[in-house]
Every structure is written in structure tokens, then in C-alpha cells.
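So you can see what is in the structure, the chains are spelled out below.
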Amino acid sequence: MLGRIDDYFKPQETALRLRSERQQVLAANIANADTPNYKARDFDFGAAFKAAMGDVQQPAMQQTDPRHLQPAAAFDPLAPHLGYRVPAQGAIDGNTVEMDTEMSQFADNTLRYQAALTFMQSRISSMKTALNAQ
């Protein structure tokens, strides 16, 4: 029963966690807008969400010899792959943060975080209704 409840909330929980993490990445970009040689970071939310939900299969490593070393840490689908943002125009100091882009992405992510919260509240409400109807 508990597994089913976890599965019921997993999409919203995953979306909220990834949106929160992306907000931190975007905030770091904005905070470092004047830092020389700072490279703006971001990740593809859609790809990260699919990976976290298990829609992306990672190839299994084969051990063909018992002396082969195993990876120190297994692939974590909940840790999105951070990439570098490519600026439309480079800066003299090597900084790739473009405030218009970052502020736009920050606002968009905030709006989508609020939407994910609304969906989570809706799921909780429907679960309460189902439980109270018994």
C-alpha cells in the first residue's frame, strides 16, 4: 500500500525537487553575474525528469574480469547533469552570465515550481477525499 502511495506522489515530488535544484543553479548564475570567468550553468529539466522517473535506461557496466574495478558511485538519476550555458555574446572578462536570460529562466522556473506545488496539493486533496470516503 505504501509503495502505491509513493508511486502516486512520485511525479510531483520529483518535479518539485528538480525545480528547486534548478532554482539554486539559476540563482548561482545570477549571483555570479559580475564574477570574472564564471561560466553559467543549467540543466535540461525534461531530460532530468525522465531520468529521475526511470524513463532513461543507463547502460550497465559489464565486469568481464574479476580484477575490474567497480565505479565508486552508481549512476544517480536524481542528480541532473549540469551543462554550461552558451552565451549569445561573449563578455570581455570571460563571464557567460546573461542577466536577461537568467532572469527569464528564473521567473519561468518559479512559475513552474508553483504549478508543481498546485498539482501536489491537488493530489493530496484527492487522496484525502478517497481516504475519507471509506
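Here the structure is shown first, and the text comes after it.
Residues numbered from 1 in each chain as written. Predicted model: local features only at pLDDT ≥ 70, side-chain atom pairs only at ≥ 80, totals over all residues. Heavy atoms only, no water.

Description of the overall build of the chain
To keep things clear, this is the line we draw: Each helix corresponds to a stretch of at least 4 residues labelled H or I by DSSP, and each strand to a stretch of at least 2 residues labelled E; elements are numbered beginning at the N terminus. Whether two residues touch is decided by their heavy atoms; if any such pair falls within 4.5 Å, the residues are in contact. Exposure was quantified through the Shrake-Rupley algorithm and a 1.4 Å probe, taking into account, for residues, occlusion by the shown protein chains and nothing else.
Looking only at helices and strands, one finds three helices and two strands in the chain. Going from N to C terminus, the chain has its helices and strands arranged as α-β-α-β-α. Taking the contacts inside the chain whose residues are at least 6 apart along the sequence as the reference set, 80% of them involve residues at least 24 apart. Carbon and sulfur atoms make up 57% of the accessible area of the chain, which amounts to about 9,600 Å² in all.

Concerning the pattern of salt bridges
The test is simple: Each salt bridge in this description consists of a side-chain nitrogen of Lys or Arg and a carboxyl oxygen of Asp or Glu lying within 4 Å of one another. In this scheme, a residue with accessible area under 20% of its type's maximum is buried, one over 50% is exposed, and one in between is partly exposed, where area comes from a 1.4 Å probe on protein chains only.
Counted by the stated rule, this structure contains five salt bridges. The salt bridge partner of R22 is D42, with a shortest N-O separation of 2.8 Å. A residue pair is termed long-range when its members are at least 10 positions apart, and R22 in helix α1 (residues 2-31) and D42 in strand β1 (residues 41-42) qualify at 20 residues. The same class applies to R22 as to D42, namely buried. Here R85 and E102 are joined by a salt bridge, their closest N and O atoms 2.8 Å apart. Here R85, found in the loop between β2 (83-84) and α3 (99-132), pairs with E102, found in helix α3; they are 17 residues apart in sequence, far enough to count as distant. For R85, a relative accessible area of 16% puts it in the buried group. What makes E102 buried here is its relative accessible area of 0%.

Regarding the nonpolar core
Basically, it comes down to this: Only buried Ala, Val, Leu, Ile, Met, Phe, Trp, Tyr and Cys residues count toward a nonpolar core, and they belong to the same one when joined by side-chain atoms within 4.5 Å.
Core analysis: the largest hydrophobic core is formed by twelve residues, namely F9, A15, L16, L18, V25, F43, F45, A48, A52, A116, M120 and M127. Going through the elements one at a time, α1, α2 (45-53) and α3 are the ones with two or more residues in this core. Per-element tally for this core: the top contributor is α1, with five residues.

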